[in-house]
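One letter stands for each residue in the lines below.
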Amino acid sequence: PSLAGLLGLYEPGGLSDILDGRSTLARCERAVATVGAPDVRVLVGGSTPRSAFPGELASEVAREVFEELESRGRYLIVDAPPVLERAETRYLLTRADGVVLVLHSGRTEREEAERALEIFAESGVPVLGTVLNRFAAQKRGLTIAGRRLL
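Residues numbered from 1 in each chain as written. Predicted model: local features only at pLDDT ≥ 70, side-chain atom pairs only at ≥ 80, totals over all residues. Heavy atoms only, no water.

K.L.:
Explanation requested: the pattern of salt bridges in the structure shown.
P.N.:
Any two side chains of opposite charge can pair, given that their charged atoms come close. In this structure the tally under the stated criterion is 10 salt bridges. A salt bridge links Arg 72 to Glu 29; the nearest nitrogen and oxygen atoms lie 1.9 Å apart. Placement of Arg 72 in helix H4 (residues 60–72) and of Glu 29 in the loop between helix H3 (25–28) and strand E1 (30–31) is noted, with a sequence separation of 43 residues between them. In this structure Arg 72 comes out as partly exposed when scored by relative accessible area, which is 42%. Several salt bridges share partner residues, and in doing so they unite Asp 17, Asp 20 and Arg 22 into one network. (Salt bridge = Lys/Arg side-chain N within 4 Å of Asp/Glu carboxyl O. Helix = DSSP H or I, 4+ residues; strand = E, 2+ residues; numbered from the N terminus. Buried < 20%, exposed > 50% of the residue type's maximum accessible area, 1.4 Å probe, protein only.)

Structure (structure tokens):
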């Protein structure tokens, strides 16, 4: 839901609607005009936020959706739930060429980050980078290479 709001995509329909049989990929996928990336298309989570059912992302319908999306472009980026919280997310690793580890500043424990990295390593999927969400640099001061930036 947050990605849809961020991109201004308020029309209903997304992956959960396709998997539930209420819509199709053609009706749910949307073009997003972005500077420097004119061909970006987005498929949001769905009109009704919910957790995936066990095995749902490994279903025939989900496989067909991912294969169709993969055939359309150079990159397929999936904004997935945390790998430690949802078993379904681990299935997505079988389709991934790489992952970006997202950490919540002040909330993600070191052991959780290390366990997520272990899961990625076990799956053979390389970590392409890390994002630190909700970091309040102005409160803590940001220093890089000995220079205070904020």
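That was the structure; now back to the text.
K.L.:
Where do I start with the nonpolar core in this structure?
P.N.:
The tendency in soluble globular proteins is for nonpolar side chains to be buried as a group. Leu 15, Ile 18, Leu 19, Leu 25, Cys 28, Leu 57, Ala 62, Val 65, Phe 66, Leu 69 and Leu 92 together form the largest nonpolar core, which totals 11 residues. Taken together, the elements giving at least two residues each to this core come down to helix H2 (15–19), H3 and H4. Non-local contacts of Leu 92, meaning those with residues more than four positions away in its chain, are made with Leu 57, Phe 66, Val 78 and Ala 80. Counting residues in each nonpolar core, the second largest holds 10 residues, with Leu 103, Ala 113, Phe 120 and Val 125 among its members. (Core = buried A, V, L, I, M, F, W, Y, C linked by side-chain atoms within 4.5 Å. Contact = heavy atoms within 4.5 Å.)

K.L.:
Hey, could you run me through H4 in this one?
P.N.:
The terminal C-alpha atoms of H4, which comprises 13 residues, lie 19 Å apart, in line with the 18 Å expected from a rise of 1.5 Å per residue. If you check which residues of H4 are buried, you get Ala 62, Val 65, Phe 66 and Leu 69. Each buried residue of H4 sits inside an arc of 95° when the element is viewed along its axis, so together they form one side. (Expected span 1.5 Å × (residues − 1). Arc of directions from axis to C-beta.)

K.L.:
How should the side chain of Thr 89 be read in this particular structure?
P.N.:
Tracing the backbone shows Thr 89 in helix H5 (residues 87–93). Of the polar contacts made by the side chain of Thr 89, one reaches the backbone oxygen of Pro 81; its length is 3.1 Å. Discounting chain neighbours no more than four positions away, the residues touching Thr 89 are Ala 80, Pro 81, Pro 82 and Val 83. (Polar contact = N/O pair within 3.5 Å; in protein donor to acceptor, adjacent residues only side chain to side chain.)

K.L.:
So what exactly am I meant to see when it comes to the side chain of Glu 88 here?
P.N.:
Inspection of the secondary structure puts Glu 88 in helix H5. Here Leu 57 takes part through its backbone nitrogen, which lies 2.9 Å from a polar atom of the side chain of Glu 88.

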